[in-house]
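Descriptive structure summary
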Amino acid sequence: MATIRVLSLILSVLSIITLLWTQSGECNNGRRIGDAVDTDFSGFSVPLEHSFEIDDVPRFRLRGALQFRGGRENGVYLAQNQLSEKDRNTMKDVAAVDGLYRIRVPRVSLQVDRQTERQSEGYITAFVRACSLVESHLSDVITLHTDVSGNVIGISIVTIPGSCRGIEVEDEVDLEVFNTTISVVAPVTAPVPETAPYIERMEQEMEKKGKNPQEQKSFFAKYWMYIVPLVLFLMMSGAQDQSGGGAGGGAGNGGGR
Amino acid sequence: MAWLVVRLAISLSLLYTASAVFEDQVGKFDWREQFIGKVRFALFDTHSQASKKLLVATDKNVFASLNSRTGDLFWRHVDKTGPEGHIDALLMYGQDAVVVVGNGRLLRSWETTVGGLKWEAVLDTGSFQAAALIGVQDFVKYVAVLKKSAISLHDLSSGSQIWVENLPDSDTVQYQTIYSGGNGLVFVLGFVPSSHIVIVEYKIEDGEIMKKKSVEAAWMSSLENSCAVISSGNLLCVDQITQSLYTLPLQSAEHTEMRQIHLQTLDLEVASGFQPVLTSTQPNPAQPPLAEFFLQLSPDHHILLQLKDDLIAPLRDFNPSYLAAFATSGEKTVAAVMTPKNDTACSINLFSADTGRRHLDTTIIYHMDPNGGKPNRLYVHAFLKKDDSVGYRVMVQTEDLTLTFLQQPGRVVWMREEALADVVTMEMVDLPLTGTQAELEGEFGKKADGLLPMVLKRLSSQFILLQAWMAHLWKLFYDARKPRSSVKNEVTIDTLSRDEFNLQKMMVMVTASGKLFGIDSKSGTVLWKQYLEDIQPNSIFKLIVQRTTAHFPHPPQCTLLIKDKDTGLGSLYVFNPIFGKKSHISVPALPRPVLQTLLLPVIDQDYAKVLLLIDDQYKVTAFPSTKNVLQQLQDTASSVFFYLVDSSQGKLSGFRLRMDLSTELIWEVVIPTEVQKIVAVKGKRANEHVHSQGRVMGDRSVLYKYLNPNLLAVITESTDMHQERSFVGIFLIDGVTGRIVHEAVQRKARGPVHFVHSENWLVYVYWNSKFRRNEFSVLELFEGAELYNSTVFSSLDRPHPPQVLQQSYIFPAPISTLEATLTEKGITSRHLLVGMPSGNILSLPKMFLDPRRPELISEQSREENLIPYAPEMPIRTEWFINYNQTVSRVRGIYTAPSGLESTCLVVVYGLDIYQTRVFPSKQFDVLKDDYDYILISSVLFGLFFATMISKRLAEVKLLNRAWR
């Protein structure tokens, strides 16, 4: 058992080395091969690492490289290798014991001008159940979250579908290539009280009122005999039969929720 | 025109939502208790014999007048919190009370009868040292205030400044005391540590320095505590190291050094490590102090001494004695001394100050509360009886901030629990069932032992129930004949039982001083109290209800985690929340700082929920940790997740429990602290129920809510405080997977942020630094038109991010705290309870905080009952649930569901405590108080008899017709 573990470690180290080599050389990996090529000079890349182990002790190795383009929004592409035979088997074994599939990226800033002061201490990590990754045939959605100044603060991974139903994945081919959707999400600006449109609307109302005072006046003139008794009735019932009236109101409120 | 119709409809609908207390409902289900805090100064009004006033100034910056006969407040002034409102000194003369506030910033004079401000003077800057009343020719006319570098004299009747003088060499000399013996001179005493004493003599009329001298005193370390002026201007100091008393006549010119009197010559010795304390008394500021004084030699040893003809003679030795105090009535000055009697009681005796002789029949027995603290302050109110002998009452303050007012021979006149002025956290616990209910309940719990015995058992218990019901009916009938006021029966701990609708609960309150209280929520009566000794002043408390009252015969169980703020080391205190008794369950030792606690739904064989405590090495301690629990934990370990927050590094991390109770890190989110810092993290309340899964839209489709019970709301504030660049960050993070569900920034905003996180919404309040106003923002999360998995929610299997709707509003008032109402089943609509600095509690319908409020009204939005968007939030005075019962310095609001779906119990705490019930959707499940039973039953009976009679008549008629 121990020898196998050592062997796997060596293999994983080897695979990292090969990956690093492929990354600097030609990119024959992932879906967006063409895109990945022309990002080489305008942006920068960050390693995306993953780990899935039977004993659930994380041992991260390279999964691919996240390529960022400076400036443009959502300018991120993932260049990644396909899973090796051994990895596929490990993945299936991990899924069988309901282990975790973890990913991590170093803490970086996505703003190009901040690249020089990029601090790389520490990582941010996320996980998904390995079985759901296997059952979704490696279709995952990875989202990188940044804060207002472009620092990556969190990463999330979900698979679609996300459930674990215990379906056997027969075809080995399904577990070869990641079908990844990756995006970068920056915080949205929360709305502030919208006074200007409200005032505008009120002014419009006033204008309308001013335009045809005839109609305005005639509304009450026309319907006063309905409105006044209604109001009176409601006020009386509101004042006298408070709990009864409240029941109606309460049910309305409750239902409306 | 349509607009007008809608407006009318809205105003009509508001007519229904408008709720307020009717005049006759005042005090029916609500109560308020007012507190003052820890007493720092207390003065009895000795101006007239019949006066009942007791003036107090406290550490909560409260200045109040208490009725010394009942303990009630006459009036109370609550000043600003913090050092700005700190009361430095309280002096009283006649009808006037002079107070120095805010480290010598303000000098105020109050009229003591009604508490009106007579005058206020703003003083020059400089840290406050001392204040004293100054008398001239037997008449007190001035008040002197000593600052670090200046002394000023003010007129007592108008507050105008007579003069202000700089103190000589104030950068080297520490001036600490003022003394005046009524002879036209003011002495300011200062010292240079380990060198000499400086005495400066001012003329009262114009502040001219008459004399200045310095006297050698190399042993001196502090003037304030170890020195006192006695007997026509003799400075007396005590020093622990040289074990000596030192005297110096202030006025004489020839004395250039202090006279040393070894304590040994008086056969006295200061206890090692104890700083001896001198207590003198100056009954009238216009006259020199008495020649008698107390010297405290150890925590429980006082001695009464007298200075006569430059000689110090002991009058009486009080060993042992806890506390000693002087009091004056008329011309007589007495000393009251508290001495231990036995383990549970102390006796207080009166001695005449000038001879040390004991007054006969003046013993007051003070019984110490076994669940309380030791007495630490004694305030004496002496008065002259008709036969010209001296009578007295005492007020004892204990470590646990209880004020007890006693009179002879030991009768407790009143008691105030001032620890309740600083409630830290609280819980409400259901009261236990009555004996008969419990009997019935117990029947279901037992194992069956045959058909016949079970039938018999059932019959007997039903019979008991019937009997109880009859007794109840009889009591109702009996009570109904009596006037209402006399029915009110006292609540005691023995008569506690749950009422029909579970409206009465036990409020378990934890106070900052480490005293726990059990309070009946209906009346506000303190039913039990327990003082936990050795609580560090900056401890963090977390109260957890491990077992509710629902598991008869197991008693309910609460656990209090006490954590030191600095070291993080914690300890557990387990108790029964109904009776306040400490539980004898063995508590796990917590050798390492506790980072997080987690109450699992897993229960042990005794129905106690399992509490997990995570230490700084991410090791988990389970409590209770029986075999059964550990087995269950092993089985469920893979689904137990928890999160930790390290706000100093901006790190949020998620962990999963392993089989062997170790943990593994599974996710990490790092919010860089250079940009923003985490100020608060809040999940949802565990006992919250959501009745409807979605909202019905105008077109009859359903918008499903995103109801993630693991969702955490993380609020951050920017480190850049510039008003254009500052922001508040809102992160919604799944606590299991660490997924950031939503991330938003509120630009140009600043804290303090108050927020409520519930159901599928988050409401937060922030300060808009650009427009300088408070704003509300509401976030609602929806899954969309269809649910991903309608049967069960799992954070691990919810791949689609929710839709987030958000809207903001202006709130035209400051806010001190925010909470949401909570009901049993979550059917009732929700209200937000907004605590305001003005002391009002606003019940704001959640309807107004709905991000779907439309800009323009349409047919569909009308169908949905949506209120058209208006940027400003209305504040209606009838929404104030506490009408005129304002709560000072609201710090927290606690809400609890009751047995009635319509009713939510609310406790507001701060300096005061206010309890009430709120009905967010009106009392739709309760008949109103003035429901006309007689009318409805008479109508019913009338109809019944009318039917009977008409039936009879019809029969007769038919018969008659048949005969015809």
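A few points on the structure. (Residues numbered from 1 in each chain as written. Chains lettered and ligands numbered in written order. Predicted model: local features only at pLDDT ≥ 70, side-chain atom pairs only at ≥ 80, totals over all residues. Heavy atoms only, no water.)

Here the focus is the overall build of chain A. Per the secondary structure count, chain A includes 7 helices and 9 strands. Every one of the 257 residues in chain A was classed for burial, and the buried ones make up 41%. Considering only contacts in chain A between residues 6 or more positions apart, those separated by 24 or more positions represent 67%. Of the roughly 13,600 Å² of accessible surface on chain A, a fraction of 59% belongs to carbon and sulfur atoms. (Helix = DSSP H or I, 4+ residues; strand = E, 2+ residues; numbered from the N terminus. Buried < 20%, exposed > 50% of the residue type's maximum accessible area, 1.4 Å probe, protein only. Contact = heavy atoms within 4.5 Å. Areas by Shrake-Rupley, 256 points an atom, 1.4 Å probe, with all protein chains shown as cover.)

Looking only at helices and strands, one finds 7 helices and 62 strands in chain B. Across the 964 residues that make up chain B, the buried fraction comes to 53%. Of the contacts made within chain B by residues no fewer than 6 positions apart, 50% connect residues no fewer than 24 positions apart. Accessible surface for chain B amounts to roughly 44,100 Å². Of this, 54% is attributable to carbon and sulfur atoms. Computed over 95 positive and 102 negative side-chain charges, the inter-centroid distance for chain B is 7 Å. (Lys, Arg positive; Asp, Glu negative; His and termini not counted. Charge placed at Lys NZ, Arg CZ, Asp CG, Glu CD.)

Right, let's get into the pattern of salt bridges. Two side chains bearing opposite charge may form a pair once their charged atoms approach each other closely. Residues and elements named next belong to chain B. One pass over the full model with this rule turns up 46 salt bridges over all chains. Its salt-bridge partner being D96, residue K118 comes within 2.7 Å of it at the nearest N-O pair. Separated by 22 residues along the polypeptide, K118 in strand β9 (residues 116-122) and D96 in strand β7 (residues 96-101) bring together distant segments of the chain. The partner of R656 in a salt bridge is E664, and the shortest N-O contact between them spans 3.2 Å. Judged by relative accessible area, which is 9%, R656 ranks as buried. (Salt bridge = Lys/Arg side-chain N within 4 Å of Asp/Glu carboxyl O.)

Residue and element names in this part refer to chain B. Spatially, β30-β31-β32-β33 is the arrangement adopted by the 4 strands of the open sheet, whose pairing is antiparallel. Every interior strand has two partners, whereas the edge strands, β30 (375-384) and β33 (411-417), have only one. Neighbour-to-neighbour, the strand axes of this sheet turn through a mean angle of 15°, independent of strand direction. Bridge count between β30 and strand β31 (residues 390-398): 9 bridges; the pairing is antiparallel. Residue V380 lies in a different strand from β31, and its bridge partner there is V394. (Pairing = 2+ DSSP bridges. Axes fitted to C-alpha atoms, helices over the stretch in contact; angles between N-to-C directions.)

With that out of the way, let us pick up the state of the cysteines. By the definition in use, this model includes 2 disulfides over all chains. One disulfide bridge connects C131 of chain A with C164 of chain A, the sulfur atoms lying 1.9 Å from each other. In this structure the cystine formed by C131 of chain A and C164 of chain A twists about its S-S bond by roughly 90°; its chirality is therefore right-handed. On the criterion of sequence distance, the pair formed by C131 of chain A in helix α4 (residues 130-135) and C164 of chain A in the loop between β7 (152-159) and β8 (179-185) is long-range, its members being 33 residues apart. Residue C131 of chain A is classed as buried on the basis of its relative accessible area of 8%. Two residues share a disulfide in this structure: C227 of chain B and C237 of chain B, whose sulfurs sit 2.0 Å from each other. With the S-S bond torsion at 105°, the cross-link from C227 of chain B to C237 of chain B turns out right-handed. (Disulfide = S-S within 2.5 Å.)

For the rest of this paragraph, the subject is the sheet that holds strand β36 (residues 515-520) of chain B. All names here are of chain B. Read from one edge to the other, the open sheet built from 4 strands follows the order β34-β35-β36-β37, with strand pairing classed as antiparallel. Lying at the two open borders of the sheet, with one neighbouring strand each, are β34 (423-430) and β37 (526-531). The average undirected angle you get between the axes of adjacent strands in this sheet is 15°. Of the pairings in the sheet, the one linking β34 to strand β35 (residues 505-511) comprises 7 bridges and is antiparallel in character. Bridged to V429 within β35 is M506.

Residues and elements named next belong to chain B. Position of R798 relative to the elements: it lies in the loop between β55 (773-784) and β56 (803-811). Within the structure, R798 has its side chain in polar contact with the side chain of E783 (distance 2.4 Å). Not counting the four nearest positions on each side in its chain, R798 is found in contact with Y706, R739, E783, L787, Y788, N789, V792 and F793. (Polar contact = N/O pair within 3.5 Å; in protein donor to acceptor, adjacent residues only side chain to side chain.)

This part covers the interface of chain B and chain A. Each partner contributes to the interface: chain B provides 75 residues, whereas chain A provides 62 residues. Here chain B meets chain A over a buried area of about 5,800 Å², counting both sides, of which 58% is carbon and sulfur. Scanning the region where chain B abuts chain A turns up 2 salt bridges. Between R201 of chain A and E855 of chain B there is a salt bridge, and its shortest N-O distance comes to 3.2 Å. For the pair chain B and chain A, the number of links is 16 residue pairs in polar contact (both at pLDDT 80 or more). Secondary-structure elements contributing two or more residues to the side of chain B that touches chain A are α1 (2-17), β46 (663-670), β48 (694-696), β51 (727-734), β52 (740-747), β54 (761-768), β55 and β56 of chain B. (Buried area = accessible area lost by both parts, 1.4 Å probe.)

Take the environment of F405 of chain B next. Residues and elements named next belong to chain B. Following the sequence through the fold, F405 ends up in strand β32 (residues 402-407). For F405, a relative accessible area of 0% corresponds to the buried category. When the C-alpha positions of F405 and Y379 are compared, they lie 9.3 Å apart, and in sequence the two are 26 residues distant. F405 has contacts with F44, S68, R393, V394, M395, R411, V412, V413 and W414, leaving out every residue within four places of it along the chain.

This paragraph deals with the packing of aromatic side chains. Applying the stated rule across the entire model yields 27 aromatic pairs over all chains. With 6.4 Å between their ring centres and 15° between their planes, F127 of chain A and F641 of chain B make a pair best called stacked. In this pair, F127 of chain A is assigned in strand β5 (residues 123-129) and F641 of chain B in strand β44 (residues 641-646), connecting two distinct chains. Classification of F127 of chain A by relative accessible area gives buried; the value is 3%. Through a chain of ring-to-ring contacts, three or more aromatic side chains come together here, namely F294, F318, F326 and F351 of chain B. Over the ring of F178 of chain A we find R63 of chain A; its NZ or CZ atom is 3.7 Å from the centre of that ring. Across from the ring centre of Y123 of chain A, 3.6 Å away, lies the NZ or CZ of R104 of chain A, which sits over that ring. (Phe/Tyr/Trp six-rings, centres within 6.5 Å; stacked < 30°, edge-to-face > 60°. Lys NZ or Arg CZ within 6 Å of the ring centre and 35° of its normal.)

Throughout the structure, instances matching the rule amount to 7 cavities of 30 Å³ or more. Of the voids in this model, the second largest cavity is the one considered here, and its volume is about 170 Å³. In this structure, the second largest cavity is lined by 21 residues; those nearest its centre are V158 of chain A together with T737, S795, L796 and D797 of chain B. Of all the elements in the fold, those that place two or more residues in the lining of the second largest cavity are β5 and β7 of chain A. Residues belonging to the lining of the second largest cavity are distributed by class as follows: 9 nonpolar, 7 polar and 5 charged. (1 Å grid on protein atoms, 1.4 Å probe; cavity = no way out; pocket = protein on both sides within 12 Å on 5 of 7 lines; lining within 4 Å. Points joined across faces, edges and corners; volume = space filled by probe spheres on them. Nonpolar A, V, L, I, M, F, W, Y, C, P; charged D, E, K, R; others polar.)

Bringing the pairing of strand β2 (residues 61-68) of chain A into the picture now. Every regular strand shows the same layout, with side chains that alternate between the two sheet faces. Residue and element names in this part refer to chain A. Burial runs high along β2: 8 of the 8 residues are buried. Pairing of strand β1 (residues 44-51) with β2, which is carried by 7 bridges, proceeds in the antiparallel orientation. Note that in β2 the partner of P47 across the bridge is A65. Where β2 meets strand β3 (residues 76-80), 5 bridges bridge the pair, whose relative direction is antiparallel. Residue pairing in the sheet places Q67 in a bridge with Y77 of β3.

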